[in-house]
Amino acid sequence: MEAAGCSSSRPPRRRRPELLPPAPGSAGPSRPYMPSLCTNSKNPSTKCYGDRFIPDRSAMDMDMAYYLLTEPKKDQENEGMVSPAKQAYRRLLAEKFLGGRTRILAFRNKPPEPEGMLQQFSAETQTSSQINPAKQHRKIPKFAERTLDAPGVVDDYYLNVLDWGSKNVVSIALENTLYLWNSSDSSTSELVTVDDDNGPITSVSWSCEGQHIAIGLNSSDIQLWDASTSRKLRTLQGVHESRVGSLAWNSSILTTGGMDGKIVNNDVRMRSHIVQTYRGHAAEVCGLRWSGSCQQLASGGNDNLVHIWDASMASSNPSLGHTRWLHRFNDHLSAVKALAWCPFQSNLLASGGGGNDRCIKFWNTHTGLCLNSVDTGAQVCALIWNKNEKELLSACGFIQKPLILWKYPSMVKLAELEGHTSRVLCLAQSPDGNTVASVAADETLRFWNVFGTSEALKPAAKTVHTGMFNSFSHIR
């Protein structure tokens, strides 16, 4: 009984599974089960793609394989007898007919071609890629599209005698006379001629709305004119002690810079127009630029200094004497007239030095750091940013090609504009930002379509529909 009890408690022995095909009643010797390379599908159109280690004869071109096996041997036997020209001909012929096929063995057939909606989708994708090609590089004209005579322009580095207003009118001072050229209809008119006691005209600047223009004189006076009626509105006197070489507008505030080193904010709406005075330059102020936000003012002078003034720090009491600057940059080695605020980065300022400096420097006006300095090899007279691309145009003096277009921030030269035979004195930019006007000591005023047209302003291309509903009529 004990023996029987022991045998009944022993666990049953497990049988090893045999590697036999799953189909019952199959005849023949037993073999290990190997799964099929094809999927068990009842669809007769299902294709078998073979194994990656076993060549597939149905996917091979036997004639091509025989040719690839025997032809190289023939070429080696006759290599010394074939001329180089014939070898080149054979190589081109093989590339043409063989299509770059060099494999003898094939391990799988080609994948099936797309059918139905996939094929239609691929066709639409190819059509859309043809309609919208890759962006092409802009062609930069190296010659002026228009040239006007400017006889009598004063060849003085420190003056600013050219400006382009928001109503598309160019103002240029030729000695004692201020001329207006309308870019819309190419008409020219004379606004004012000052007498010799007040002249010559040393600076001009359009107001923000493009109707009023300020004129700085050698006698230290500043005149305000209405260009639409050709009427003088008022004369600002007692602002400076000597000539006024730079002007800049900030809404109704006219900022003036003189040879006496003072920078004065004038509210042209008020009888007592002087509202702030900036003192920081020890020599003539020859460059003034308000930032795009109108919160910071950049000034350059003949003392080789660049100052950044913050409008929020300006003192409203002129009796205090001066307002403290936000930053003072003394890295330039010569006078600084060229100043340009970056249109796509509000705290970036570009400045250019005179003949002893020849550098373009880039400043972060928030931190006061110099970001980069580039030696142009010549006196920098003016700078203008491209409003549509990251590019900077510089006007230099005493070189063969004084206008240079730079790529920012790499500062690689994109183009050198040809035409002026003497140094460029001033630059002005059109309201749309595409055209730049330059006046030079060769007494010519030239217009350059250097910045082209922005991609965002170009009309969008019409879309061609080639989908499955192309055959249906469109609703009118």
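Computed from a predicted model, the values in this text were never measured in an experiment. (Residues numbered from 1 in each chain as written. Predicted model: local features only at pLDDT ≥ 70, side-chain atom pairs only at ≥ 80, totals over all residues. Heavy atoms only, no water.)

(A) Expanded view of the confidence of the model for the protein chain. The pLDDT averaged across the protein chain works out to 82; a share of 70% of its residues lies at or above 70. Note on residues 1-8: pLDDT under 50 across the span, and zero contacts to partners over four residues away in sequence or across chains. Taken as a whole, residues 455-476 scores under 50 in pLDDT and shows 12 contacts with residues more than four places along the chain or in a different chain. (pLDDT = per-residue confidence, 0-100. Contact = heavy atoms within 4.5 Å.)

(B) Representation of the environment of Thr 193 within the structure. One can find Thr 193 in strand β5 (residues 187-193). Distance in space between the C-alpha atoms of Thr 193 and Glu 175 is 8.9 Å, their sequence separation being 18 residues. Here Thr 193 is in contact with Asn 176 and Thr 177, once residues within four sequence places are set aside. Only 3.0 Å separates the side chain of Thr 193 from the side chain of Thr 177, close enough to count as a polar contact. (Helix = DSSP H or I, 4+ residues; strand = E, 2+ residues; numbered from the N terminus. Polar contact = N/O pair within 3.5 Å; in protein donor to acceptor, adjacent residues only side chain to side chain.)

(C) View of unusual backbone geometry. Looking along the chain, the bond that leaves Gly 199 and enters Pro 200 is cis, with omega of 5°. At Ser 186, a residue that is not glycine, the phi angle is positive and equals roughly 60°. Looking at the secondary structure, you find Ser 186 in the loop between β4 (177-182) and β5. Taking the relative accessible area as the measure of exposure, Ser 186 reaches 34% and is therefore partly exposed. Even without a glycine there, the phi angle at Arg 358 is positive, about 65°. Inspection of the secondary structure puts Arg 358 in the loop between β19 (348-353) and β20 (359-364). Arg 358 gets classed as partly exposed once you look at its relative accessible area, which sits at 29%. (Buried < 20%, exposed > 50% of the residue type's maximum accessible area, 1.4 Å probe, protein only.)

(D) Layout of the sheet that holds strand β18 (residues 336-341). The strand order across the open sheet built from four strands is β18-β19-β20-β21, with neighbouring strands paired in antiparallel fashion. The two strands at the open ends of the sheet, each matched to only one other strand, are β18 and β21 (369-375). Adjacent strand axes in the sheet meet at a mean angle of 20°, parallel and antiparallel pairs treated alike. Where β19 lies against β20, five bridges are found, and the strand directions are antiparallel. Within β20, the residue paired with Ser 351 across the bridge is Lys 361. (Pairing = 2+ DSSP bridges. Axes fitted to C-alpha atoms, helices over the stretch in contact; angles between N-to-C directions.)

(E) The arrangement of the sheet that holds strand β1 (residues 146-149) in detail. Taken together, four strands build an open sheet; the order of strands is β1-β28-β27-β26 and the sheet is antiparallel. What marks the edges here is a single partner per strand, and that holds for β1 and β26 (424-429). Averaged over all neighbouring strand pairs, the angle between strand axes comes to 20°, with direction disregarded. In the sheet, β26 pairs with strand β27 (residues 436-440) via five bridges, with the strands oriented antiparallel. Bridging across to β27, Gln 429 finds its partner in Val 436.

(F) Fine view of the nonpolar core. Judged by nonpolar contacts, the single largest core of 32 residues is most densely connected at Leu 162, Leu 178, Ile 201, Val 439 and Leu 445. Setting aside its immediate chain neighbours within four residues, Leu 162 contacts Val 170, Ser 171, Ile 172, Val 204, Cys 426, Leu 427, Ala 428, Ala 437, Ser 438, Val 439 and Leu 445. (Core = buried A, V, L, I, M, F, W, Y, C linked by side-chain atoms within 4.5 Å.)

(G) Looking closely at the pairing of strand β25 (residues 412-417). In the sheet, strand β24 (residues 403-407) pairs with β25 via five bridges, with the strands oriented antiparallel. For Leu 403, the partnering residue across the bridge sits in β25 and is Leu 417. The antiparallel pairing of β24 with β25 creates a hairpin that spans four residues between the two strands, and Met 411 there sits at a positive phi of about 55°.

(H) Examining the pattern of salt bridges more closely. Taken as a whole and judged by the stated rule, the model has six salt bridges. Notably, a salt bridge pairs Arg 243 with Asp 156, separated by 3.2 Å at the nearest N-O pair. Here Arg 243 is found in the loop between β9 (231-236) and β10 (244-250), whereas its partner Asp 156 is found in the loop between β1 and β2 (162-164), with 87 residues between them in sequence. Asp 156 shares its class with Arg 243; the two are buried. Salt-bridge contacts for Asp 267 lead to Arg 269; the nearest nitrogen and oxygen are separated by 3.0 Å. Residue Asp 267 is classed as buried on the basis of its relative accessible area, which comes to 7%. Judged by its relative accessible area of 64%, Arg 269 is exposed. Each of Asp 156, Arg 243 and Glu 284 takes part in a single network of salt bridges with overlapping partners. (Salt bridge = Lys/Arg side-chain N within 4 Å of Asp/Glu carboxyl O.)

(I) Looking closely at the pairing of β4. With six bridges joining them, strand β3 (residues 169-174) and β4 adopt antiparallel strand pairing. If you follow Ile 172 over to β4, its bridge partner there is Tyr 179. Linking β3 to β4, which pair antiparallel, is a turn of two residues; within it Glu 175 sits at a positive phi near 55°. Where β4 lies against β5, six bridges are found, and the strand directions are antiparallel. Each residue of the ladder has a partner; that of Leu 178, found in β5, is Val 192.

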